[in-house]
Amino acid sequence: MAETKHKIARPVNWNKLEDPMDLEVWNRLTSNFWLPEKVPMANDIQSWATLRPEEQLVTMRAFTGLTLLDTIQGTVGAISLIPDALTMHEEAVYTNISFMESVHAKSYSSIFSTLCSTDEIEQAFRWSEENPYLQKKAEIVLGYYRGDDPLKRKVASTLLESFLFYSGFYLPMYWSSRAKLTNTADLIRLIIRDEAIHGYYIGYKFQKGMEQETEARREEIKAYTYDLLLELYDNEIKYTADLYDGLGLTEDVKHFLHYNANKALMNLGFDPLFPREVSQVNPAILSALSPNADENHDFFSGSGSSYVIGKHEATSDDDWDF
Amino acid sequence: MFEIAYFSNVSENTKRFVDKLGVQHHRIPVMASETPLMMSEPYVLIVPTYGGGDDATSVPKQVIRFLNQQQNRDFIRGVIAAGNTNFGDKYCRAGEIVAMKCHVPLIHRFELLGTPYDVEVVHKKMETLWNQH
Ligand SMILES: Cc1cc2nc3c(=O)[nH]c(=O)nc-3n(C[C@H](O)[C@H](O)[C@H](O)COP(=O)(O)O)c2cc1C
Ligand SMILES: [Fe+2]
Ligand SMILES: [Fe+2]
């Protein structure tokens, strides 16, 4: 942190940028700010009732799994990046990411309170605390968050942001592709969009850090990245089977995992690992990720979103003049 | 083959994709203080999307400034967009906007650094476009 080096406390000056990316990402994150309370959920109540009990159970479990990851990222992950920040503005961006993760974590509770009984909610949370694969993925990333290598911390963080969430994100997209739980899907899409910017930014800062390292160290970190990805992947496959075998969706989810693992690597500046044959996403899931603008999803239909609070005006010399 | 003009922010995802293409290329500068790029041969534009869901800022301002030059508009023959499907309906939106405003086809969309498959497809499509002109 800048403070410790200079032994004086320094206020952050946003009029003097060392890396313009910090302001760019700050602006985008703040203008994308949203709250679950603003997303209507009531339409899903009827839809929820059409799911079989087992489908409801798996959905709740997937969501407590996501809640756990967002909780970790909000209270440990994003904050653990602050001491390693290269600029004071970067520190500020991490505080924004951290807060938004807490919003994400809370939004699953909004979904639960709309759809489920207190008893069911408590059981699902208990499941998340007892599921060995979910606990293992938490344990692996937490190990690096608490470790002493700033670059490894960023790798673990990017893999969480851009890979580990997707076994859970799959299910609301699957329901949405069958015209079920569409309000829930709207909310999850907001989270998915945020995660893209988080993964991009942390991955970018990782690459900036790598530039300052020796060739040998870069090789070490690269090998570590692929090893960690594979370690998480092995566990993720087991988690996926545990969660989805009963619904017969495991194979489809795996494709989605491969696809997102490749994107996580790209966010870190590395080449994709999984070949195209196994990383092609079911087209129904892909179109659920980008629902048609003229359906009832007003969020994606225009630039003025009803959920978004802050908005930036483009200055006039950046405007089209034809 | 047409040349390529592209924009890539300091994250340089698009730059790394362009490097893999092996086609003559020119970069639109990131900083307004740098010499602006002027194209004098027909080219295909590669543009990453930056709106984060907002149409007004989907096309990077550097690309808007570049296309505000009549000469650059005269030589554009097609557009390729980069993005991330996490942005839903706004996936590669910048490509749609440029295609519409410049009346050129959007020939391909890809994510982040692009895959070997994207490289292959872009080669094929650039060739088709070349043969049509
Ligand atoms: C702030 C921000 C906003 C973005 N908005 C969009 C978007 O609206 N649609 C999209 O498809 N991709 C979007 N992306 C993804 C970028 O287009 C993608 O990361 C691209 O590879 C960046 O290319 P570059 O590194 O060459 O600049 C966004 C990324 C960031 C960081
Ligand atoms: Fe999150
Ligand atoms: Fe995140």
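### Topic: the overall build of chain A
Point 1. The secondary structure content of chain A amounts to 15 helices and 0 strands.
Point 2. Once the C-alpha set of chain A is aligned to its principal axes, its extents read approximately 60 × 50 × 40 Å.
Point 3. Put simply, 80% of the contacts in chain A that link residues at least 6 apart link residues at least 24 apart.
Point 4. With 30 positive and 49 negative side-chain charges, chain A shows a separation of 3 Å between the mean positions of the two kinds.

### A few points about the side chain of A:Glu161
Residues and elements named next belong to chain A.
Point 1. Here Glu 161 lies in helix H8 (residues 150-164).
Point 2. Nearest to the buried, unbridged Glu 161 among oppositely charged side chains is Lys 154, at 12 Å.
Point 3. Looking at Glu 161, its side chain comes within polar contact range of the side chain of Gln 73, at 2.9 Å.
Point 4. A polar contact is formed between the side chain of Glu 161 and the side chain of His 198, at a distance of 3.4 Å.
Point 5. Among all residues touching Glu 161, those that are not within four sequence positions of it are Gln 73, Ile 97, Glu 101, Tyr 166, Glu 195, His 198, Gly 199 and Ile 202.

### Quick look at the pattern of salt bridges
All names here are of chain A.
Point 1. Summed over all chains, the structure comprises 23 salt bridges over all chains.
Point 2. Notably, a salt bridge pairs Glu 236 with Lys 137, separated by 2.8 Å at the nearest N-O pair. Within this pair, whereas Glu 236 is found in helix H11 (residues 215-244), its partner Lys 137 is found in helix H7 (residues 132-145), the two being separated by 99 residues in sequence. Take Glu 236 and Lys 137: they sit in the same class, and that class is buried.
Point 3. The salt bridge involving Arg 217 is made with Glu 213; its shortest N-O contact spans 3.2 Å.

### A look at the pairing of strand E4 (residues 76-83) of chain B
All names here are of chain B.
Point 1. With 7 of 8 residues buried, E4 is to be regarded as a mostly interior element.
Point 2. Bridge analysis of strand E3 (residues 43-48) against E4 gives 6 bridges, and the strand direction is parallel. Looking across to E4, one finds that Leu 45 is bridged to Val 79.
Point 3. Where E4 lies against strand E5 (residues 106-111), 5 bridges are found, and the strand directions are parallel. When the bridges of E5 are listed, Ile 80 appears paired with His 108.
Point 4. Of the crossover connections in this fold, the one passing from E4 over helix H4 (residues 93-102) to the parallel E5 is right-handed.

### Quick word on the interface of chain B and chain A
Point 1. At the interface, 38 residues of chain B touch 38 residues of chain A.
Point 2. Taken together, the two surfaces of chain B and chain A that pack against each other cover about 3300 Å², and 55% of this comes from carbon and sulfur.
Point 3. The largest per-residue losses of area from chain B upon contact with chain A belong to B:Asn86, B:Asp89 and B:Lys101, which jointly make up 19% of the total buried on that side.
Point 4. As a salt-bridge pair, B:Glu111 and A:Lys263 come within 2.6 Å of each other at their nearest N and O atoms.
Point 5. The interface formed by chain B and chain A holds 19 residue pairs in polar contact (both at pLDDT 80 or more) in total.
Point 6. Every element with two or more residues in the side of chain B that touches chain A is listed here: helix H1 (13-21), helix H2 (61-67) and H4 of chain B.
Point 7. Looking at the side of chain B that touches chain A residue by residue, the classes come out as 13 nonpolar, 14 polar and 11 charged.

### Quick word on the environment of B:Pro36
Residues and elements named next belong to chain B.
Point 1. Its place among the elements puts Pro 36 in the loop between strand E2 (25-28) and E3.
Point 2. You can call Pro 36 exposed: its relative accessible area is 63%.
Point 3. A C-alpha to C-alpha distance of 24 Å links Pro 36 and Asp 55, two positions 19 residues apart in sequence.

### A few points about the sheet that holds strand E1 (residues 3-7) of chain B
All names here are of chain B.
Point 1. As summarised here, the arrangement of the 5 strands in space is E2-E1-E3-E4-E5, forming an open sheet in which the pairing is parallel. The sheet terminates laterally at E2 and E5, the two strands that pair on one side only. Strand-to-strand, the axes of this sheet are offset by a mean angle of 20 degrees, without reference to chain direction.
Point 2. In this fold H4 packs onto E3, E4 and E5, with an angle of close to 165 degrees to the strand it touches most, E4.

### A few points about the coordination of the iron ion (ligand 3)
All names here are of chain A.
Point 1. The coordination sphere of the iron ion (ligand 3) contains the protein donors Glu 101 (OE), Glu 161 (OE), Glu 195 (OE) and His 198 (ND1), at a distance range of 1.9 to 2.2 Å.
Point 2. Around the iron ion (ligand 3), the 4 donor atoms are arranged such that angles at the metal cover 79 to 147 degrees; this shape is classified as irregular.
Point 3. Coordination of the iron ion (ligand 3) draws on donor residues from a single chain, spaced E-x59-E-x33-E-x2-H in sequence.
Point 4. The class for Glu 161 is buried, based on a relative accessible area of 0%.

### Considerations on the packing of aromatic side chains
Point 1. Under the counting rule described, the total for this entry stands at 24 aromatic pairs over all chains.
Point 2. Plain terms: the ring middles of A:Phe33 and A:Phe99 are 6.0 Å apart, the flat faces sit at 20 degrees to each other, and that makes the pair stacked. Of this pair, A:Phe33 sits in the loop between helix H2 (20-31) and helix H3 (44-49) while A:Phe99 sits in helix H5 (residues 88-115), placing them 66 residues apart in sequence.
Point 3. Judged by its relative accessible area of 46%, A:Phe99 falls in the partly exposed class.
Point 4. Look at A:Tyr94 and A:Tyr201: their rings are 5.9 Å apart centre to centre, the planes differ by 65 degrees, and that puts the pair in the edge-to-face class. On the criterion of sequence distance, the pair formed by A:Tyr94 in helix H5 and A:Tyr201 in helix H10 (residues 182-211) is long-range, its members being 107 residues apart. Both residues of the pair, A:Tyr94 and A:Tyr201, belong to the buried class.
Point 5. One aromatic cluster in this structure is built from A:Phe165, A:Tyr166, A:Phe169, A:Tyr170, A:Tyr174, A:Trp175, A:Tyr244, A:Phe256 and A:Tyr259.
Point 6. Seen from the ring of A:Phe322, B:Arg73 lies directly overhead, with NZ or CZ sitting 3.9 Å from the centre.

### Examining the coordination of the iron ion (ligand 2)
Residue and element names in this part refer to chain A.
Point 1. The protein atoms that coordinate the iron ion (ligand 2) are Asp 70 (OD), Glu 101 (OE), His 104 (ND1) and Glu 195 (OE), at distances spanning 1.9 to 2.2 Å.
Point 2. Read in sequence order, the donor residues for the iron ion (ligand 2) give the motif D-x30-E-x2-H-x90-E.
Point 3. Taken as a pair, the iron ion (ligand 2) and the iron ion (ligand 3) lie 3.5 Å from each other and share Glu 101 as a ligand. Of this pair, Asp 70 sits in helix H4 (residues 53-80) while Glu 101 sits in helix H5, placing them 31 residues apart in sequence. Here Asp 70 and Glu 101 have matching classes, each one buried.

What counts and how
Residues numbered from 1 in each chain as written. Chains lettered and ligands numbered in written order. Predicted model: local features only at pLDDT ≥ 70, side-chain atom pairs only at ≥ 80, totals over all residues. Heavy atoms only, no water. Helix = DSSP H or I, 4+ residues; strand = E, 2+ residues; numbered from the N terminus. Contact = heavy atoms within 4.5 Å. Lys, Arg positive; Asp, Glu negative; His and termini not counted. Charge placed at Lys NZ, Arg CZ, Asp CG, Glu CD. Buried < 20%, exposed > 50% of the residue type's maximum accessible area, 1.4 Å probe, protein only. Salt bridge = Lys/Arg side-chain N within 4 Å of Asp/Glu carboxyl O. Polar contact = N/O pair within 3.5 Å; in protein donor to acceptor, adjacent residues only side chain to side chain. Pairing = 2+ DSSP bridges. Right-handed = clockwise from strand over helix to strand, strands pointing away. Buried area = accessible area lost by both parts, 1.4 Å probe. Nonpolar A, V, L, I, M, F, W, Y, C, P; charged D, E, K, R; others polar. Axes fitted to C-alpha atoms, helices over the stretch in contact; angles between N-to-C directions. Donors = N, O, S within 2.8 Å, 3.2 Å for Na, K, Ca; no water. Tetrahedral: all angles 85-135°; square planar, octahedral: opposite > 155°, others 65-115°. Phe/Tyr/Trp six-rings, centres within 6.5 Å; stacked < 30°, edge-to-face > 60°. Lys NZ or Arg CZ within 6 Å of the ring centre and 35° of its normal.

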